[in-house]
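Observations on the model geometry
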Amino acid sequence: MWGKTMKRLILAAMVLCMLLSGCGAIRDSKSVGKEVPASELDLSSLDAFGSTKKAAVYFLNSANGTLTADPRFITVEQDTNPAEAAIKALLGGPSNDSLTKVAPDGMTLDFIEFSNGVANVYLNDEGLPMPKNEQYIMELAIGNTVSDLLGTAAVNIFYNGLRQGFQGYPSAPLKKQTGRVDEAYKNAEAKYVPVMPETQNGTFPTQKPEPVGEVSAEEVPKTSTISTVLYFVSASGDYILPEVRDIDYITTSSSTSAVYVEAIINALKVGPLSSVVMESPIESGVLLTREPEIIDNGDGTSDIALYFDTLPSGMAYFEARENLLSNAALIYSITGFIPNVKAVHIFVNEKPILDDTSNGSGGTLRSDYFGYIGSSAPLYLQYGDSSLLIEVSRSMEQGKIWSALERVRAMLRGPQSGDIGNVSSVTYTGMSEKGVLSVNVYNDTAYVNLSEDFKNACQGISSKAEMLLVYAIVNTVTAMDGINKVQFLVEGAQTDTLAGHLCISDSFLRNYGIIKNAS
């Protein structure tokens, strides 16, 4: 106990010393910060620059049959997922001759969705089909690259908007893989392919077997437990969020995708494990009136028709947002697991459900719901009426979590009903998110450009309020990977202070001492 007390006293003393030395000091309310020349900075070109980040990009090491990291310095553009730059580097090939290129020429990256440790990588491929073993090696390399960079728990890969699974069969999302790739392929084959295909001269099979024949009397159904990415509606009712779950699928060699679809629907009805932040997109009492219908499109893709006795969300037709989120979660869950599903048709009492995303028959594509996935970002607000900040998790559109500007604006909007704990806003009358003109990142520094109106709104606030406001912005921005410092500007120029207490002419580092311990 005495040791912990001493550590806290020493830490507090260190923080106090930092605050009282140079810029970042709390000054007497009657004095202003030190005089500094207001140097105009040209911010117009900052958005053309990106931050430089070291990434491990994986390729095949043919000498030992494993995936090996090719260290790269990648340039991450403003407000973008750093994994996108890494995957583009992977598609371009290795930097040395000791490693083997894993992607075919002409393959490009569309974008990456990232939320709750799940990454969906969308590739554009207009070339010839890849041999299955080579495709799996490329997918493993992408999975390792994304996992290393984002710390993901699961990676799903889509080709031209469709998930292909393993040899055309439903499969779990990719995780970080070590060891020989041929062994990984054999293990996946044994897990996901109902009948082991023949090999040619000891090489990987290139064609998937087609399930044929009727179920014999002696055939015993097989139970396969497969990790599956399910999507639920956020507690705020704004987005859908993923959760990786192990689901038991009971199949035979003649089973169709309908078996998997029903199991997914049942799992969605049970609801998420994280019930505090998510809720089921399907009401527990909603029933399928008949087996899901698999519609062969004749081009290697299929549609799926779902027949419910009532709207899956249980909501009325006029509650459009609730229905859209329910449909989005349902369709994302199905198309993210069942291979080569192009569209999902939802029927209630045999009548197609039409909404803003559906085509004339009620069928919707996965791409119709791009932008509906949310993600969580850490923000910092005042803890009660204390002199401390506390971290809160805020759901945002997943693409916006890479924007420092969007995070600062979300923080300035203050507490939400879903925030846990005693949380208070750090803003006062006249301060608004529009007062943050821009946040541009160059190398490891974020330049937070405030308006003159925002600065004027700070006049008259206490030294404590100014400190909390400044460090709420600093800690929110430096929570982003690769950003270590924050430089404040007003209308593009350095300034001495916002409210007359705290010198902001120099850049700020993250202040750990002002953060309340979550425990």
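Scroll up a little and you will see the structure.
First things first, this report covers the structure right here in the doc. (Residues numbered from 1 in each chain as written. Predicted model: local features only at pLDDT ≥ 70, side-chain atom pairs only at ≥ 80, totals over all residues. Heavy atoms only, no water.)

Structural notes on the packing of helix α3 (residues 132-150) against helix α4 (residues 181-192)
At a minimum axis separation of 10 Å, α3 and α4 run at an interaxial angle of 105 degrees. In terms of orientation, α3 lies roughly perpendicular with respect to α4. Of α4, the residues touching α3 (which contributes Lys 132, Asn 133, Tyr 136, Ile 137 and Leu 140) are Val 181, Ala 184, Tyr 185 and Ala 188. Taken together, the residues of the contact of α3 with α4 sort by class into seven nonpolar, one polar and one charged. (Axes fitted to C-alpha atoms, helices over the stretch in contact; angles between N-to-C directions. Helix = DSSP H or I, 4+ residues; strand = E, 2+ residues; numbered from the N terminus. Parallel < 35°, antiparallel > 145°, perpendicular 65-115°, else oblique. Contact = heavy atoms within 4.5 Å. Nonpolar A, V, L, I, M, F, W, Y, C, P; charged D, E, K, R; others polar.)

Structural notes on the pairing of strand β7 (residues 222-234)
The buried fraction of β7 is high, at 10 of 13 residues. Pairing geometry for β7 and strand β8 (residues 240-251), over 12 bridges, is antiparallel. Across the sheet, the residue bridging to Thr 223 is Ile 250, located in β8. As consecutive antiparallel partners, β7 and β8 are separated by five residues, and within that stretch Gly 237 has a phi angle of approximately 75 degrees, a positive value. Both β7 and strand β9 (residues 278-279) contribute to a ladder of two bridges, which runs antiparallel. Bridge assignment links Val 233 to a residue of β9, and that residue is Glu 279. (Buried < 20%, exposed > 50% of the residue type's maximum accessible area, 1.4 Å probe, protein only. Pairing = 2+ DSSP bridges.)

Some thoughts on the environment of Thr 478
Tracing the chain through its elements places Thr 478 in helix α9 (residues 463-478). Exposure remark for Thr 478: the relative accessible area of 10% places this residue in the buried category. Between the C-alpha atom of Thr 478 and that of Asp 444, which follows or precedes it by 34 residues, the distance is 9.3 Å. Beyond its immediate stretch of four places on either side in the chain, Thr 478 contacts Ile 483, Asn 484, Lys 485, Val 486 and Arg 510. Within the local environment of Thr 478, its side chain forms a polar contact with the side chain of Arg 510, the two groups lying 3.0 Å apart. (Polar contact = N/O pair within 3.5 Å; in protein donor to acceptor, adjacent residues only side chain to side chain.)

Looking at the pattern of salt bridges
Opposite charge on two side chains allows them to pair when their charged atoms are near. Going through the model one piece at a time under the given rule, you end up with eight salt bridges. Between Lys 53 and Asp 481 there is a salt bridge, and its shortest N-O distance comes to 2.3 Å. Here Lys 53, found in strand β1 (residues 51-61), pairs with Asp 481, found in the loop between α9 and β20 (485-490); they are 428 residues apart in sequence, far enough to count as distant. Look at Asp 481 and you get exposed, because its relative accessible area is 61%. Across the pair Glu 350 and Arg 290 runs a salt bridge, and its minimum N-O distance is 3.0 Å. Of this pair, Glu 350 sits in the loop between β12 (341-348) and β13 (351-352) while Arg 290 sits in the loop between β9 and β10 (293-296), and the two are 60 residues apart along the sequence. The class for Glu 350 is partly exposed, based on a relative accessible area of 44%. (Salt bridge = Lys/Arg side-chain N within 4 Å of Asp/Glu carboxyl O.)

So yeah, pure geometry; function would need other evidence.
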